[in-house]
Amino acid sequence: MSDDVVIEPADLHEYRLRARAWLQENMTLLRRRDDGTYEDPDGSDPRPERVAHARELQRTLFEGGFAGITYPAEYGGQGLSLDHERVFLEESAGYDMPTQVFAVSLNILGPTLLAFGNHQQKAEHVPRMLAGEELWLQFLSEPSGGSDLAGLLTRATRDGDTYILNGQKIWSTGAQHSDFAMCPARTRWDVPKHKGISVFIIDLSWPGIEIRPIRQINGGAEFCEEFLTDVVVPAANLVGEENEGWRVARGLLQIEHEWVGRSGGGQRTHAGVDDLVALARRRGLEDDPGVRRKIAAMYAAQMVHAQASVRVSNAIAAGRMDHGYGGALKLSSANLAQRRSELGLELAGSDGVAWHEGDTSASSWSHQYLSSRSSSIAGGTNEVQRNNVGERALGLPREPTFDRDVPFNELLRG
Amino acid sequence: MAARLPREKGGQGNPFPRTSAGTSTGTFPTKGTGARARAGGRHTRGHAVPPDAKMGGVGPAIGGAVGAELSDEQQLFLETTEKFLDASAPVSRVRELFDDPAGYDRAAWEQGGELGWFSMLVPEEHGGGSVSGAGVEDLALVAQVLGRHVFPGPVLPTNLVAAAVARAGSPEQRAEHLPAIASGEVIATWACALAGDRCSYDAIAVLATVEAGTVVLDGTVAPVQDAHVANLLLVTARSEGGLVNVLVPAAADGVTVVPLRSLDLARRFAEVRFERVRVPASAVLGDAARAADDVDAIFDLAVALQSAETVGTADRLFAMTLQYAKDRKAFGRPIGSFQALKHRLADMALWLESSRATAAAAVTAVQLGARSAEATSVAKSYIGEHAPLIARDCLQLHGGIGYTWEHDLHLYLRRIESNRALYGSPAAHLDRLAGLLGLGTEGSRPS
């Protein structure tokens, strides 16, 4: 959508023009608000009609050859680079897209299945994900712990050709609308915590799965909690080897961190500061030197984050940088989202804390502010990211631990 | 009166054309494929670009510890430069030069000239050329390595003057000055107030008046890097008709160079005074109507190269500190295993990678002449804020040893803090960026 000067290789630019033409032909433009921002059809809590519509949009992308841009052609993807994907995302800004509804499916679960699933699992599910027929998510956190993922308590007991799952998961995004989950559970209790975990593909329509949305501080309910009671899972749904699931879960997290870092986690990201400039004008602050500098610094921070995302993501993809640097991008993305919403709320001043019914340009700042509190917690806290960067990317030694070589059933818990 | 640098203009073309002949591909140059890797690694002036070289790429221009998509030629060039400086300019040598009157190593300067340090922004017909054909990108590689070595000497200012003469000079000026600069014979520097912290035309206090076909300069400018050893000054002055750029021999009557003391012990600055300095009208560089554009182009180039240099310095300082955090033991374990320190090192790693990315983007923008004011102000405002944060915390993580004169850490700290204040402070660059974003009434270009 941008007429900006673009500096990119010719093949990428041709792809941009092709995507632009296809989008004009096949997708619908969003309404633009007075302050230059686009209306957000997803919100923080998509309704069932919205999810159904997003499935249709995803089908359109799939049929048009723009679904799964970086996925291998063998499983229905386009076999192109991260740069192509970025170009397509840039061009599709302003259109009604299924990107956000399918964000977790296509950026975390699909790549994890491609990396760790067997051929049959990939052939069965990946093309259906790309075509909008399957929405996926991950069941990671549990009420007893989020950051200490390997300490999970959900139990999987082998029973012939099946496993029986019992336990509770929490903070799963959009579970109420989803079809499948990737779920780590404990298959051995007499070995240290990382060595007794297995990962399963779960069909959320199976008996014994109860999903409850959790109301959040921003009023939305995109996160859910799930109760698993005697859920019967075919052994064919095991991803990777039994008791080797930590490798899969860790791989999933690396994929998630790097993607969230480079993309902001599928939320509509702000390429510019038009909304902040409009807010400063509305509040009569546009000539205040301090305000001018803060908005300019926000613009610079966004630009630098985008530049670092491209550079680091490409370097990770090419094997030139450790995956731990994905944690640095996630950290950067979380800082940026919070700083931006804090600046918005600050500039909105009293309008940001008391407004007339229906004045969305005032109310949006407190909503963004409240929503952004989750960015330093969800998908791995900032503290966990700093450990990842420090230990994996920089090679610093771990803190001494009390649980590493102790059988899980002998550990202090709770 | 001009209050600040002008707004970005579209479509003004490439301010620093790629210096090798032939295969320009317009707005979207492709990665070079046909260039021969140079076997020896030593480049001689005028032959730095193989005759069959394609245009350089648009990939990240500055590499560093984690590598980047450099061409084979650039990679080899980077390694050669690094090895040369490891051998000829170890920190012990940099320390010896603290008390040297010139403050730089003439032998290393001459060898740098053979490596092509002063020829990259000079067209081939005047003895120039660069390894990939993208001179700004190649020079940024050098700047980064110089930063890693806190290398003393006028490499940056000499190249700024070379770029200015190549860009705006008459055929006579180009023929007179460019070969002499490219060979390392002539040291040049830019006497312009924009090299200070304010990033504003208002700061320019040297006046130029025309008297009987000659130009007369009066006024003072400081700090001017390495003016004490320069043969040639590019003076940016203000005149009745606006800004004017003038080439002045440092030995001209009425020029006084007063050496300054500096925070950066490995870099020299001076105040330059002009008292009735008279030069012929032929010393004026370029078309008067475009003098401000020329100044902006040189300024953006300076900021991009400075950014690359600062990243090199911060990179070395961070690597030093990371190693220390692994080696130093306290309370029975490496101090880097404590989360209180590990988390700060993680933040520093993020700031460093972000600085690297935005410096590379600024260099590429200047190379291609595409929104370079925005890209350089984004880079400088970010790096100018974050590189000092890295430097200060690196000292803190070293504890008492980092506070000693004997430890090298302060050399890097000094370079980083010094660079923060020069070629526009972060705050000044934010003001420029706010103007480019159309914020407030001060944002438009003053008439």
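These numbers come from a predicted model, not from an experiment.

Chemist: How do you make sense of the overall build of chain B when you look at a structure like this?
Modeler: Of regular secondary structure, chain B possesses eleven helices and nine strands. When burial is assessed residue by residue, chain B has 57% of its 447 residues classed as buried. Contacts in chain B between residues at least 24 apart in sequence constitute 77% of all its contacts with a sequence separation of at least 6.

Chemist: Please clarify how the overall build of chain A should be interpreted in this entry.
Modeler: Summing up its helical and strand segments, chain A has eleven helices and eight strands in all. Its C-alpha atoms give chain A principal-axis dimensions of about 70 × 45 × 45 Å. Evaluated residue by residue, chain A yields a buried proportion of 46% over its 414 residues. Taking contacts inside chain A between residues at least 6 apart in sequence as the whole, the part at least 24 apart equals 73%.

Chemist: Got a minute to help me understand the domain arrangement of chain A in this structure?
Modeler: Taken domain by domain, chain A consists of domain 1 (10-132), domain 2 (137-244) and domain 3 (270-393). Using only C-alpha atoms to locate each centre, domain 1 of chain A and domain 3 of chain A end up separated by 23 Å.

Chemist: Before we go on, may I ask you to explain the pairing of strand β7 (residues 269-280) of chain B in this structure?
Modeler: The side chains of a regular strand alternate between the sheet's two faces. Residue and element names in this part refer to chain B. Both strand β3 (residues 214-225) and β7 contribute to a ladder of nine bridges, which runs antiparallel. Among the inter-strand pairings, Thr 214 is bridged to a residue of β7, identified as Pro 280. As paired elements, strand β6 (residues 255-260) and β7 share six bridges and run antiparallel to each other. Bridge pairing in β7 places Pro 259 opposite Ala 270.

Chemist: Any chance you could explain the nonpolar core here in plain terms?
Modeler: The tendency in soluble globular proteins is for nonpolar side chains to be buried as a group. If you look at the biggest cluster of nonpolar residues, it comprises 176 residues, and the most contacted ones within it are Ile 295 of chain A together with Val 246 of chain B. Sequence-distant contacts of Val 246 of chain B, defined by excluding residues within four places in its chain, comprise Ala 208, Val 215, Leu 217, Val 235, Ala 237, Val 279, Ala 283, Val 284 and Leu 285 of chain B. With 66 residues, the next largest nonpolar core counts Leu 130, Ala 175, Cys 224 and Ile 255 of chain A among its residues.

Chemist: How do you make sense of the interface of chain A and chain B when you look at a structure like this?
Modeler: Interfaces are often described in size by the accessible area the parts lose on coming together. Facing the 40 residues of chain A at the interface are 41 residues of chain B. Taken together, the elements giving at least two residues each to the side of chain A that touches chain B come down to α1 (10-26), α8 (289-317), α9 (325-348) and α11 (382-393) of chain A. With 14 residues, α8 of chain A is the largest single contributor of residues to the side of chain A that touches chain B. Within the side of chain A that touches chain B, the residues separate by chemical class into 25 nonpolar, five polar and ten charged.

Chemist: Even after reading the chapter, I still don't get the pairing of strand β4 (residues 180-186) of chain A, so can you show me in this structure?
Modeler: Residues and elements named next belong to chain A. Among the seven residues of β4, seven are classified as buried, and the element is accordingly described as predominantly covered. Burial along β4 is two-sided: Phe 180, Met 182, Pro 184 and Arg 186 and Ala 181, Cys 183 and Ala 185, pointing in opposite directions, are all buried. Pairing of strand β1 (residues 136-138) with β4 involves three bridges; the strand directions are parallel. Bridging across to β4, Leu 137 finds its partner in Ala 181.

Chemist: Help me out: how do you make sense of the packing of helix α9 (residues 372-398) of chain B against helix α11 (residues 426-436) of chain B in this one?
Modeler: Each pair of packed helices gets described by two things: the angle between the helix axes and the distance between those axes. Residue and element names in this part refer to chain B. Where α9 meets α11, the axes come as close as 8 Å, and the angle between the chain directions of the two elements is 145°. Two packed elements cross with a definite hand, and for α9 against α11 that hand is left-handed. Contact with α9, carried on its side by Ala 373, Glu 374, Ser 377, Val 378, Lys 380, Ser 381, Gly 384 and Glu 385, involves Pro 426, His 429, Leu 430, Arg 432, Leu 433 and Leu 436 of α11 and no other residues of that element. Grouping the constituent residues of the contact of α9 with α11 by class yields six nonpolar, four polar and four charged.

Chemist: Which parts of the structure should I look at to understand the packing of α9 of chain B against helix α10 (residues 409-421) of chain B?
Modeler: Residues and elements named next belong to chain B. Two elements in contact, α9 and α10, have axes whose closest approach is 9 Å; the angle formed by their N-to-C orientations is 160°. Taken together, the axes of α9 and α10 lie roughly antiparallel to each other. Here α9 and α10 pass one another in a crossing that is left-handed. Between α9 and α10, the contacting residues are Gly 384, Ala 387, Pro 388, Ala 391, Cys 394, Leu 395 and His 398 on the first element and Leu 409, Tyr 412, Leu 413, Ile 416, Glu 417 and Arg 420 on the second.

Chemist: Could you clarify how one ought to interpret the domain arrangement of chain B in this entry?
Modeler: Residues and elements named next belong to chain B. When cut into domains, chain B gives domain 1 (189-291) and domain 2 (292-443). Averaged C-alpha coordinates put domain 1 and domain 2 at centres separated by 28 Å. At the interface, 21 residues of domain 1 touch 19 residues of domain 2. Broken down by element, the residue count for the side of domain 1 that touches domain 2 peaks at three residues, all from strand β5 (residues 242-249). Of the residues in the side of domain 1 that touches domain 2, the class split is nine nonpolar, seven polar and five charged.

Chemist: Which parts of the structure should I look at to understand the confidence of the model for chain B?
Modeler: Regions with low pLDDT should not have their predicted coordinates read in detail. Residues and elements named next belong to chain B. Per-residue confidence for chain B gives a mean pLDDT of 85; residues scoring 70 or more make up 83%. Low pLDDT, under 50, characterises residues 9-13; the predicted model gives this stretch two contacts beyond four residues in sequence or across chains. Across residues 442-447, where pLDDT falls below 50, the model places ten contacts with residues more than four positions away in sequence or in other chains. Predicted as a complex, the structure gets a pTM of 0.87 and an ipTM equal to 0.87.

Chemist: I'm lost on α11 of chain A in this one. Help?
Modeler: Residue pairs three or four apart in sequence face the same way in an α-helix, which turns once every 3.6 residues. Its twelve residues give α11 of chain A an end-to-end C-alpha distance of 15 Å, which sits within 8% of 16 Å, the value for a rise of 1.5 Å per residue. Those residues of α11 of chain A not exposed but buried are Val 384, Gln 385, Arg 386, Asn 387, Asn 388, Val 389, Gly 390 and Ala 393 of chain A. Buried positions along α11 of chain A lie against α6 (245-263) and α9 of chain A together with α8 (339-368) of chain B. Phi for Gly 395 of chain A, located one or two positions after α11 of chain A, is positive at around 75°.

Chemist: I tried to follow unusual backbone geometry on my own but got confused; where do I start?
Modeler: The general pattern is negative phi for most residues beyond glycine and trans for most peptide bonds. All names here are of chain B. The step from Ala 222 to Pro 223 runs through a cis peptide bond, and the omega angle for that step is -5°. Following the sequence through the fold, Pro 223 ends up in strand β3. A positive phi angle, close to 35°, is found at Val 150, a residue other than glycine. Its location among the elements puts Val 150 in the loop between α4 (135-148) and α5 (155-168). Here Asp 226, not a glycine, exhibits a phi torsion of approximately 55°, which is positive. Here Asp 226 shows up in the loop between β3 and β4 (232-239).

Chemist: Explanation requested: the environment of Pro 400 of chain A in the structure shown.
Modeler: By secondary structure assignment, the location of Pro 400 of chain A is in the segment after α11. Classification of Pro 400 of chain A as exposed rests on a count of 9 C-beta atoms within 10 Å.

Chemist: It is not clear to me how the environment of Leu 336 of chain A should be interpreted in this structure. Could you clarify?
Modeler: Residue and element names in this part refer to chain A. Of note, Leu 336 is situated in helix α9. Residues Leu 336 and Gln 302, 34 residues apart in the sequence, show an inter-C-alpha distance of 7.2 Å. The residues contacting Leu 336, other than those within four sequence positions of it, are Ala 301, Gln 302 and His 305.

Chemist: Whenever I open this one, the environment of Pro 184 of chain A confuses me. Can you help?
Modeler: Residue and element names in this part refer to chain A. Tracing the sequence through the fold places Pro 184 in strand β4. Accessibility expressed as a C-beta count within 10 Å gives 25 for Pro 184, which makes it buried. C-alpha of Pro 184 to C-alpha of Gln 138: the two residues are 46 residues apart in sequence and 8.7 Å apart in space. For Pro 184, the contacting residues outside a window of four places in its chain are Leu 140, Leu 152, Ile 197, Val 199, Gly 245 and Ala 249.

Cut-off values and rules
Once a new chain begins, its residue numbering starts again from 1 and follows that chain's sequence as written. Lettering for chains starts from A, numbering for ligands starts from 1, and both go in the order in which the items are written. Restriction of local features to residues with pLDDT of at least 70 applies here, the model being predicted, together with a cutoff of 80 or more for giving and counting side-chain atom pairs; totals for whole chains, interfaces and linings are based on all residues. Each helix corresponds to a stretch of at least 4 residues labelled H or I by DSSP, and each strand to a stretch of at least 2 residues labelled E; elements are numbered beginning at the N terminus. Around each residue's C-beta, the other C-beta atoms within 10 Å are counted; 20 or more make the residue buried, 12 or fewer make it exposed, and counts in between make it partly exposed. All C-beta atoms are placed from the backbone. Any residue pair is listed as a contact if its two C-beta atoms, each placed from the backbone, are within 7 Å. Start and end positions for the domains come from either an automated domain assignment or a database one. Here the rule is simple: two strands pair whenever DSSP picks up at least two bridges between them. By our criterion, buried Ala, Val, Leu, Ile, Met, Phe, Trp, Tyr and Cys residues that link up through C-beta atoms within 7 Å make up a nonpolar core. Classification convention: Asp, Glu, Lys, Arg as charged; Ala, Val, Leu, Ile, Met, Phe, Trp, Tyr, Cys, Pro as nonpolar; all other residues, Gly among them, as polar. Note on geometry: axes are C-alpha line fits, over the in-contact stretch for helices, and angles between N-to-C directions span 0 to 180 degrees. It is the rotation of the near helix from the far one that decides the hand of a crossing: anticlockwise by less than a right angle makes it left-handed, clockwise makes it right-handed. Angle categories: roughly parallel below 35 degrees, roughly antiparallel above 145, roughly perpendicular from 65 to 115, and oblique for all the rest. pLDDT is a per-residue confidence score from the predictor, ranging from 0 to 100. By this rule, a helix spans an expected 1.5 Å times one less than how many residues it contains.

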